[in-house]
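Chain residues, written in single-letter form:
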Amino acid sequence: MPLRNAESVLPMAFHNLMNLTYDHSLIDIAFLVSDCSPDDRTLETVFEYSVALQNGTLLNKLQLGERQRHANVIKGSSDLYQLYMDPDYMNNIKKSYNPETFHENYHKPFRSISIFRKDFGQVIGQGFSDRHAVKVQGIRRKLMGRARNWLTSNALKSYHSWVYWRDVDIETCPGSVIQDLMKHDYDVMVPNVWRPLPTFLGNEQPYDLNSWVESEAAVELAKSLDEEDVIVEGYAEYPTWRVHLAYIRDPNGDPNEIIDIDGVGGVSILARARIFRQGVHFPAFTFLNHAETEAFGKMAKSMGFRVGGLPHYTIWHIYEPSEDDLREIAKMERKKRRQKGK
């Protein structure tokens with residue numbers, strides 16, 4: 001699990017780790033803390049939470065922290081956007097984080113937890129606009145490739161059978177996700193990743209567009225680019241016309257349905273450990289006009305491994321309000337106050 005300026009979402013991330021139903025005694029967790037801001041406490045917090053997780057006191061610590069946060073936050077400030085989210089989704093979050101729904105081995109410690117600290121020169125901000133601007137994607141993904149490869153080389157041991165990559169900012173995900181991905185006869189497997197939206201933006205949208213099936217249009221586009229150019233999926237500058245795993249999702253579809261894919265998104269990846277031992281990695285350079293996870297998928301397929309995705313098996317990323325979203329929410333709040341004053 002790579003971490004950068006992740007202090008605020010670590011309570012959520014550790015809940016989701018404990019919620020994994022795969023036998024905790026067979027899981028080694030490896031965190032990589034990189035390129036955090038000077039005042040960020042990700043490293044200290046992940047260490048504190050890891051110790052508490054392994055000695056069985058983390059849930060109490062998280063619950064105490066949540067009570068303190070609510071007591072100290074001015075009503076209507078940091079959580080204001082929640083008033084504009086779909087009520088069904090918010091209820092699902094409450095249910096997911098309700099101790100009454102936790103499985104019986106929720107508190108069980110993991111086989112081990114390792115925390116690594118190394119910077120890779122990441123100079124791109126952590127704001128939504130910073131991280132998703134097209135002009136920084138190639139740079140950002142190559143740096144992420146370096147970080148993933150470094151963590152793999154330090155954490156992967158000879159006795160490991162699988163490697164599960166998981167982003168820190170997943171909000172809700174089935175606890176059985178490892179088993180659900182592992183049961184298919186593929187070397188690399190990914191679920192679908194969506195995110196909730198405020199009701200005035202349509203309630204939800206695809207989040208990870210990096211899992212896709214190659215298209216003739218994209219192949220021709222690559223021929224027109226320089227060797228070092230990185231195609232960035234989902235941006236108007238790169239019309240690939242690929243089939244995206246995200247867009248073929250049916251909320252009522254069979255969660256076990258699989259399609260073969262070429263590009264891979266990095267939010268949640270399960271891969272057989274042997275493919276890393278045989279040379280598959282996350283290119284920190286331009287590979288077939290791609291980098292990092294999308295290039296990882298292409299490299300795995302080029303080496304004869306099976307890469308698949310589950311279009312109807314959905315996990316949910318947190319909603320990160322953009323500056324435009326925040327302005328719209330502020331506008332609606334002012335309108336509500338004016339109406340109350342009449």
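The name an unreviewed UniProt entry gives the chain is DEHA2F03014p, with Debaryomyces hansenii as the organism. What UniProt records for the chain under Sequence similarities (unreviewed entry) is the sentence "Belongs to the ANP1/MMN9/VAN1 family."

Would you mind showing me how to read the overall build of the chain here?
Each helix and strand in the chain was counted, giving eleven helices and twelve strands. In terms of overall dimensions, the chain is globule-like: its C-alpha atoms have a radius of gyration of 20 Å, near the 20 Å expected for 342 residues. C-alpha atoms of the chain, sized along the principal axes, occupy 65 × 50 × 45 Å. Going through the 342 residues of the chain one by one, you find that 50% of them count as buried. Restricting the contact set of the chain to residue pairs at least 6 apart, pairs at least 24 apart contribute 80%. Carbon and sulfur atoms provide 51% of the accessible area of the chain, an area that totals close to 17000 Å². Here the chain holds 41 positive side-chain charges and 46 negative ones, and the gap between their average locations is 5 Å.

Can you help me understand the packing of aromatic side chains in this one?
For any pair of aromatic rings, geometry is given as the distance between the ring centres together with the angle between the planes. All told, the structure shown has 13 aromatic pairs when counted by the stated rule. With a centroid separation of 6.4 Å and an interplanar angle of 65 degrees, the aromatic rings of Trp194 and Trp316 are classed as edge-to-face. You can see Trp194 sitting in strand S6 (residues 188-196) and its partner Trp316 sitting in strand S12 (residues 307-317), a full 122 residues away along the chain. A relative accessible area of 11% places Trp194 in the buried class. Of the residues examined, Trp316 reaches a relative accessible area of 13% and is grouped as buried.

Where do I start with the confidence of the model for the chain in this structure?
Low pLDDT marks stretches whose predicted atomic positions should not be read closely. Residues at a pLDDT of 70 or more form 93% of the chain, whose mean pLDDT is 92. Ignoring residues within four places in sequence, the model shows residues 126-132, a span with pLDDT below 50, making 18 contacts including any to other chains.

Mind showing me how you'd approach the packing of helix H1 (residues 10-18) against helix H2 (residues 42-55) here?
Any two packed helices are characterised by how steeply their axes cross, that is the angle between the axes, and by the distance between the axes. Where H1 meets H2, the closest approach of the two axes is 11 Å, and the angle between their N-to-C directions is 30 degrees. As judged from the angle between their axes, H1 and H2 are roughly parallel. In this structure, H1 crosses over H2, and the sense of that crossing is right-handed. Only Thr42, Thr45, Val46, Tyr49, Ser50 and Leu53 of H2 make contact with H1, whose side of the interface consists of Leu10, Pro11, Phe14 and Met18. Of the residues assigned to the contact of H1 with H2, the class counts are seven nonpolar, three polar and no charged.

Honestly, the environment of Arg146 in this entry has me stumped. Any pointers?
By secondary structure assignment, the location of Arg146 is in helix H6 (residues 134-155). Note: C-alpha distance between Arg146 and Arg338 (192 residues apart in sequence) is 52 Å. Not counting the four nearest positions on each side in its chain, Arg146 is found in contact with Phe120 and Ala284.

Teacher, can you tell me more about helix H11 (residues 323-341) here?
Side chains three or four residues apart in an α-helix point the same way, a direct result of the helix having 3.6 residues per turn. An ideal rise of 1.5 Å per residue puts 27 Å on 19 residues; H11 measures up with 27 Å between its terminal C-alpha atoms. Of all the positions in H11, only Asp325, Ile329 and Glu333 are classed as buried. End-on, the buried residues of H11 take up no more than an arc of 70 degrees, which puts them together on one face. Those residues of H11 that are exposed and angled more than 90 degrees off the buried face are Glu323, Asp324, Arg338 and Gly341.

Which parts of the structure should I look at to understand the side chain of His24?
On the secondary structure map, His24 appears in the loop between H1 and strand S2 (28-33). When its relative accessible area of 2% is taken as the criterion, His24 is described as buried. Engagement of the side chain of His24 in a polar contact is seen with the backbone oxygen of Leu20, the distance being 2.7 Å.

What should I look at first to understand H2 in this one?
The terminal C-alpha atoms of H2, which comprises 14 residues, lie 20 Å apart, in line with the 20 Å expected from a rise of 1.5 Å per residue. All buried positions along H2 are accounted for by Thr42, Thr45, Val46, Tyr49, Ser50, Ala52 and Leu53. Gly56 sits one or two positions beyond H2 and adopts a positive phi of about 85 degrees.

Quick question: what am I supposed to make of the environment of Arg41 here?
Tracing the backbone through its elements, the reader meets Arg41 in the loop between S2 and H2. For Arg41 and Lys223, which are 182 residues apart along the polypeptide, the C-alpha to C-alpha distance reads 45 Å.

Looking at this structure, I do not really get the nonpolar core. What am I missing?
Nonpolar side chains in soluble globular proteins tend to be buried together. Among the nonpolar cores identified, the biggest contains 43 residues, and Leu3, Phe14, Leu17, Phe31, Leu58, Val168 and Val177 are the most heavily contacted of them. When contributions to this core are tallied by element, the ones reaching two or more residues are H1, S2, H2, helix H3 (58-72), helix H7 (177-182), S6 and S12. With six residues, the top contributor of residues to this core is H1. Ignoring anything within four residues of it in the chain, the contact list for Val177 reads Leu20, Tyr164, Arg166 and Tyr313.

What counts and what doesn't
- Residues numbered from 1 in each chain as written.
- Predicted model: local features only at pLDDT ≥ 70, side-chain atom pairs only at ≥ 80, totals over all residues.
- Heavy atoms only, no water.
- UniProt positions renumbered as here; feature names shortened; annotations may be inferred.
- Helix = DSSP H or I, 4+ residues; strand = E, 2+ residues; numbered from the N terminus.
- Rg over C-alpha atoms; globule rule 2.2 N^0.38 Å.
- Buried < 20%, exposed > 50% of the residue type's maximum accessible area, 1.4 Å probe, protein only.
- Contact = heavy atoms within 4.5 Å.
- Areas by Shrake-Rupley, 256 points an atom, 1.4 Å probe, with all protein chains shown as cover.
- Lys, Arg positive; Asp, Glu negative; His and termini not counted.
- Charge placed at Lys NZ, Arg CZ, Asp CG, Glu CD.
- Phe/Tyr/Trp six-rings, centres within 6.5 Å; stacked < 30°, edge-to-face > 60°.
- pLDDT = per-residue confidence, 0-100.
- Axes fitted to C-alpha atoms, helices over the stretch in contact; angles between N-to-C directions.
- Parallel < 35°, antiparallel > 145°, perpendicular 65-115°, else oblique.
- Left-handed = near helix turned anticlockwise from the far one by under 90°.
- Nonpolar A, V, L, I, M, F, W, Y, C, P; charged D, E, K, R; others polar.
- Expected span 1.5 Å × (residues − 1).
- Arc of directions from axis to C-beta.
- Polar contact = N/O pair within 3.5 Å; in protein donor to acceptor, adjacent residues only side chain to side chain.
- Core = buried A, V, L, I, M, F, W, Y, C linked by side-chain atoms within 4.5 Å.

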